[in-house]
Number of protein chains: 2
Amino acid sequence: MDIERTSKGVCVDGFSAGGLKEGRYGVALIVAETPCKAAAVYTTNTMKASPVVLTAGKTSKGMLQAIIANSGNANACVKGGMEDAKKMCEMAGKMLGINPSMVAVASTGIIGRKIDLGAIEKVALKVSKEMSNAPEASTRAARAIMTTDTKEKSVSFKYKGIEVGGICKGSGMISPKMATMLCFITTDADLDQKTLQDCLTNSVEDSFNMLVIDGCMSTNDMVLLLSSGKVGCNKQDFQILLNHLTKELTRLMALDGEGATKYIEVEVSGAKDKETARKAVRAIISSDLVKTAVHGENPNWGRIAGAMGSVIEYDFEKIDLHYQSGKEKAAVVLKGVMRDLDPARKILKSKELRIIVNLNSGKESAVGYGCDLSCEYIRINAEYN
Amino acid sequence: MDIERTSKGVCVDGFSAGGLKEGRYGVALIVAETPCKAAAVYTTNTMKASPVVLTAGKTSKGMLQAIIANSGNANACVKGGMEDAKKMCEMAGKMLGINPSMVAVASTGIIGRKIDLGAIEKVALKVSKEMSNAPEASTRAARAIMTTDTKEKSVSFKYKGIEVGGICKGSGMISPKMATMLCFITTDADLDQKTLQDCLTNSVEDSFNMLVIDGCMSTNDMVLLLSSGKVGCNKQDFQILLNHLTKELTRLMALDGEGATKYIEVEVSGAKDKETARKAVRAIISSDLVKTAVHGENPNWGRIAGAMGSVIEYDFEKIDLHYQSGKEKAAVVLKGVMRDLDPARKILKSKELRIIVNLNSGKESAVGYGCDLSCEYIRINAEYN
């Protein structure tokens, strides 16, 4: 049975959403008809923003019914941040008629500045009056949490009768080995809380945790999964569906990386273990020199070899290295020997490409997601405040 | 007694040098009157270039008399690289009348391409005929090993009768926790090989290893120290002098970082141990977001807090954060509370500045060196081949 794309976004059966951006602040609300089992993954940055700390305390108990998220301010590294995060939950609880203890809060935007709760309340009030289960409501919520993103990210899929939908934001300050952005996922799958958490943790490991835009780790990353429990299902099916969703959201974030002109996938195979493959992928996709070479459509594969050597041991004379775009594939290095680079130069002109390294030393592999590094990234981040 | 700057570069008493760039390749030669005790530090990249492997084998025996170094090709990740590296030592030995086993070789430039020994020999022959002990010869050698560097780096100092001189190159593919460039140091200090190695290792730790341009680790890094042993001295004095030299070379590389428009020093103090301070410094100076903020003269200090949180634990409510340029110093955060940012904005207009973080949790500190991230970095590296 195939996985089917639907148009609902987070507005799968049992959930409503809304969102609006006015001036500096955007607010998204997501609410379920009934309390939901919840799972979550958070940033591993030690300097966690107050909304992360507050929401993590709630998800540790396993149940949530609503989410309030704002863009424009991260509510991180600021005195009184915890009180402000609590007030946002109370605010949303009151507007949606839900106990504040069942409301998660997430924030994204500049770090180290006091959040303007008055402005947020004004926007949230408007949003709360137009909550809807229609697909457009998910799009509005996705748009409200954008910062430097240029496109909203709202997707959903159906598989064996179960549905899962998600919105996310994330464009810069994105690094691997942690959940790296705000992402809210809803489902009707009836699974216990521990199973939901297992599935989410697994899914994040090969999707969001393999995404790098600039190697900078956020203080505010959060992935929340809420389940209405309306439809019976088994763990394996849900894992397949959830992986499909998180990979698609990851791909959308890589495509929309700050200043990105090219989407890059990196695959390392033939590794002796999974962690070696992941490390190599992350080193390649994180390298400013690899990213600028791709930006310049320049098959400077020596930088790929150097990046791998900074984190793993490997035998250069065993490796194969290809560039691929769609069905076009060019060998650049075969068993350590460089080939004619012209076919690679042609592939590098594509907007979406894959760098494929086979270490030929084992059976494990990993894939990572990222983008090139352009002047636009610098312009965005030189000016962002 | 003060450390005095001299003009000799590597041409301290007992050493001659020469250098020339023609077309794609530059060659530098350095030769001592007599065999020298030698110390060295190399890249920790597992994918070491052939010249690194070959020279490391020689320095492990502790004696050298000459160095041949080329720019234009790294002689890394290429079959037959070791034979080519050996041939370069033979070539230089023959031209300079020295046993090839006493010749070190270093290469820098593009990775993964066959080196053109014929072209190198032609340039080397011209260089070998104009070897000189004059300061200009050190400058020529420094210029010959430049790749994307815009200025040659040749300095020397005198202290208590001993002299030390050095040339280096390095502008991109520079990351901390290893020696990060080519650097050749000469001295007349009479110390045993173990003491020379101890002093070099110590010195590199707080200088080159605290330099970050782009967080990318090279396959070819090498720091060589040759001593003629002409002047008696004690270890402590030599360490002071060597530290002075390596810090100055580090500063010159940071100033000349690829595309740099601003020189940045980062100081983290009040750490519970030295490694915590170093980690925090490296995270800040490596962050593309901190670098772009400085480029934009934007006091977005939240990125500094976020970068530190990605590698160390700290109490945000204890920290002080200042920007400094010359005698001007602006508090941005005091005990976790943000101050007026206007004085910091003024300091950020400077070409050279220092970011100072006091964790107020201990007595250890560290300093790192780097630069901002500009579009010019991307232009250079998109086109480099």
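These notes cover the structure that comes with them.

Quick notes on the rules
- Residues numbered from 1 in each chain as written.
- Chains lettered and ligands numbered in written order.
- Predicted model: local features only at pLDDT ≥ 70, side-chain atom pairs only at ≥ 80, totals over all residues.
- Heavy atoms only, no water.
- Helix = DSSP H or I, 4+ residues; strand = E, 2+ residues; numbered from the N terminus.
- Buried < 20%, exposed > 50% of the residue type's maximum accessible area, 1.4 Å probe, protein only.
- Contact = heavy atoms within 4.5 Å.
- Areas by Shrake-Rupley, 256 points an atom, 1.4 Å probe, with all protein chains shown as cover.
- Lys, Arg positive; Asp, Glu negative; His and termini not counted.
- Charge placed at Lys NZ, Arg CZ, Asp CG, Glu CD.
- Pairing = 2+ DSSP bridges.
- Disulfide = S-S within 2.5 Å.
- Axes fitted to C-alpha atoms, helices over the stretch in contact; angles between N-to-C directions.

### Section: the overall build of chain A
Secondary structure summary: chain A contains 11 helices and 15 strands in total. Seen through its C-alpha atoms, chain A measures out along the principal axes to roughly 65 × 50 × 35 Å. A buried classification covers 62% of the 385 residues belonging to chain A. Taking all contacts inside chain A whose residues are at least 6 apart in sequence as the whole, residues at least 24 apart take part in 80%. A total accessible area of about 13,500 Å² is found for chain A, and carbon and sulfur atoms account for 49% of it. Averaging the locations of the 50 positively and 45 negatively charged side chains of chain A gives two centres separated by 2 Å.

### Re the environment of Gly370 of chain A
Residues and elements named next belong to chain A. Considering the arrangement of structural elements, one finds Gly370 in strand S15 (residues 364–371). Judged by relative accessible area, which is 0%, Gly370 ranks as buried. For the pair formed by Gly370 and Val333, sequence separation is 37 residues and the distance between their alpha carbons is 22 Å.

### Here's the deal with the sheet that holds strand S13 (residues 337–338) of chain B
Residue and element names in this part refer to chain B. Pairing is mixed across the open sheet formed by six strands, whose spatial order is S13-S12-S11-S14-S10-S15. Edge positions in the sheet fall to S13 and strand S15 (364–371), since each of these pairs with one other strand and no more. Bridge count for strand S10 (residues 263–271) against strand S14 (residues 352–358) is seven bridges, and the pairing is parallel. When the sheet's bridge partners are listed, Glu267 is paired in S14 with Ile356.

### Side note on the state of the cysteines
The bond known as a disulfide is covalent and runs between the sulfur atoms of two cysteines. With the rule as written, the count across this model stands at one disulfide over all chains. Between the sulfur atoms of Cys375 of chain A and its disulfide mate Cys375 of chain B the distance is 2.4 Å. Of the two residues, Cys375 of chain A sits in helix H11 (residues 375–383) while Cys375 of chain B sits in helix H11 (residues 375–383), which places them in two different chains. You can call Cys375 of chain B partly exposed: its relative accessible area is 30%. Cys36 of chain A takes part in no disulfide bond, and the closest cysteine sulfur to it belongs to Cys11 of chain A, at a distance of 13 Å. Exposure remark for Cys36 of chain A: the relative accessible area of 0% places this residue in the buried category. Unpaired in terms of disulfides, Cys168 of chain B finds its nearest cysteine sulfur in Cys183 of chain B, a separation of 5.2 Å. On the accessibility criterion, Cys168 of chain B (1% relative accessible area) is buried.

### Section: helix H1 (residues 50–59) of chain A
Residues and elements named next belong to chain A. In terms of residue burial, H1 counts as a mostly covered element, since seven of its 10 residues are buried. By the burial criterion, the buried members of H1 are Ser50, Pro51, Val52, Leu54, Thr55, Lys58 and Thr59. On its buried face, H1 is in contact with strand S3 (25–42), strand S4 (63–73), helix H2 (81–96), strand S5 (103–110), helix H5 (193–205) and strand S9 (222–232).

### Some words on the sheet that holds S15 of chain A
Residue and element names in this part refer to chain A. Here we have six strands laid out as an open sheet, ordered S13-S12-S11-S14-S10-S15, and mixed in their pairing. The strands lining the two open edges of the sheet, one partner per strand, are strand S13 (337–338) and S15. Two strands pair when backbone bridges link them, and strand S11 (residues 320–325) and strand S12 (residues 328–334) are joined in this way by five bridges, in the antiparallel orientation. Opposite His322, over in S12, you have Ala331 as the bridge partner. Across the face of the sheet, helix H7 (residues 274–286) comes into contact with strand S10 (263–271), strand S14 (352–358) and S15 while running at roughly 20° to S15.

### Considerations on unusual backbone geometry
Residues and elements named next belong to chain B. With a phi angle near 55°, Cys77 is a residue other than glycine that sits in the positive phi range. Mapping Cys77 onto the fold places it in the loop between strand S4 (63–73) and helix H2 (81–96). In this structure, Asn360 takes a positive phi of about 50° despite not being glycine. Residue class for Asn360 comes out partly exposed when judged on its relative accessible area of 29%.

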